[in-house]
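Close look at the chain arrangement
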Amino acid sequence: SVDEYLRTSYHPDCDFVEGEVLERTVGKRRHGYAQMHIGIWFGRRTDPPHLVPISELRMRVGPGRIRIPDVVLCETPLSDEEVFTTPPYLCIEVMSPDDTLAAMQDRLDDYLQFGVPNIWVIDPYKHRGWSITTAGWATAADAVMRTADGRIAMPLADVLLPA
């Protein structure tokens with residue numbers, strides 16, 4: 001059950017989807033570097049104001065669904081909830097070599113249905129990024145990740161290991 005899942009610790013943490021505990025792919029060097037540096041990149045900025053990065057935050061995206069994005073960017077003040085039940089401003093997934101597009105799309109569909117206004121997928125192995133909307137995946141052609149409202153523009157070169 002969701003309650004049992006929430007009382008259990010997993011190492012690494014797992015998603016919960018309709019009664020099933022789903023392992024997340026374990027990050028390797030490029031994944032871990034990107035995830036950490038994305039958090040640092042956002043943490044060092046005071047513009048845009050009122051946004052704070054959180055790594056691996058449990059979010060209840062539906063009645064029987066809990067997902068854990070690699071990085072979220074949340075409006076301040078932060079909610080007191082340990083498991084968020086409202087969508088953050090931005091969810092970021094950093095791809096691992098073991099990720100499949102089908103599993104990634106299931107995760108992204110949950111974020112879209114939850115109402116996350118900005119979703120990014122970053123591939124640290126191919127130095128590519130995509131913004132995800134209900135219309136599909138849009139490639140960051142100039143290697144700069146942007147939010148739909150223009151508040152944020154993050155160059156991939158700032159957060160990824162050199163090729």
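Keep in mind the model is a prediction, meaning the values are calculated, not measured. Sequence order as written defines residue numbering, which begins from 1 separately in each chain. Reporting of local features is limited, given that this is a predicted model, to residues whose pLDDT is at least 70; pairs of side-chain atoms are given and counted only at 80 or more, and all residues count toward the totals for whole chains, interfaces and linings. Computation of side-chain values: all heavy atoms of the structure, hydrogens and water removed.

1. Observations regarding the side chain of H31
Note on placement: H31 falls in helix α2 (residues 29–43). Throughout, exposure labels follow a simple rule: accessible area from a 1.4 Å probe, protein chains only, divided by the maximum for the residue type, with under 20% read as buried, over 50% as exposed, and the rest as partly exposed. Using a relative accessible area of 6% as the deciding quantity, one classes H31 as buried. Among all residues touching H31, those that are not within four sequence positions of it are D70, V94, M95, S96, P124 and Y125. Put simply, DSSP marks the helices as runs of H or I at least four residues long and the strands as runs of E at least two long, and each gets a number from the N terminus on. Residue contacts follow a heavy-atom distance rule, with two residues in contact if any of their heavy atoms lie within 4.5 Å.

2. Brief notes about the packing of aromatic side chains
The description of an aromatic ring pair rests on the distance of the ring centres and on the angle between the ring planes. Stacked, edge-to-face and tilted labels apply to pairs of Phe, Tyr and Trp rings (six-membered ring for Trp) whose centres lie within 6.5 Å, assigned for plane angles under 30 degrees, over 60, and everything in between, in that order. The full count for this structure, using the stated rule, is three aromatic pairs. Look at W41 and F42: their rings are 5.0 Å apart centre to centre, the planes differ by 90 degrees, and that puts the pair in the edge-to-face class. In this structure W41 comes out as buried when scored by relative accessible area, which is 9%. One aromatic cluster in this structure is built from W41, F42 and W120. In this structure, R45 packs its charged tip against the face of W41, placed 3.8 Å from the ring centre. Taking the ring centre of Y89 as reference, the NZ or CZ of R151 above it sits at 4.8 Å. Charge-over-ring placement is defined geometrically: NZ (Lys) or CZ (Arg) within 6 Å of the ring centre, and within 35 degrees of the ring normal.

3. Looking at helix α3 (residues 101–114)
Working rule for helices: expected span equals 1.5 Å times residues minus one. Between its first and last C-alpha atoms α3 spans 20 Å; for 14 residues at 1.5 Å apiece the expected length is 20 Å, and the two agree. Regarding α3, the residues found buried are M104, R107, L108, D110, Y111 and F114. Each buried residue of α3 lies within a common arc of 150 degrees when the element is viewed along its axis, so the set occupies one face. Away from its buried face by more than 90 degrees, α3 exposes L101, A102 and Q113. The arc in question is formed by the directions pointing from the helix axis toward the C-beta atoms.

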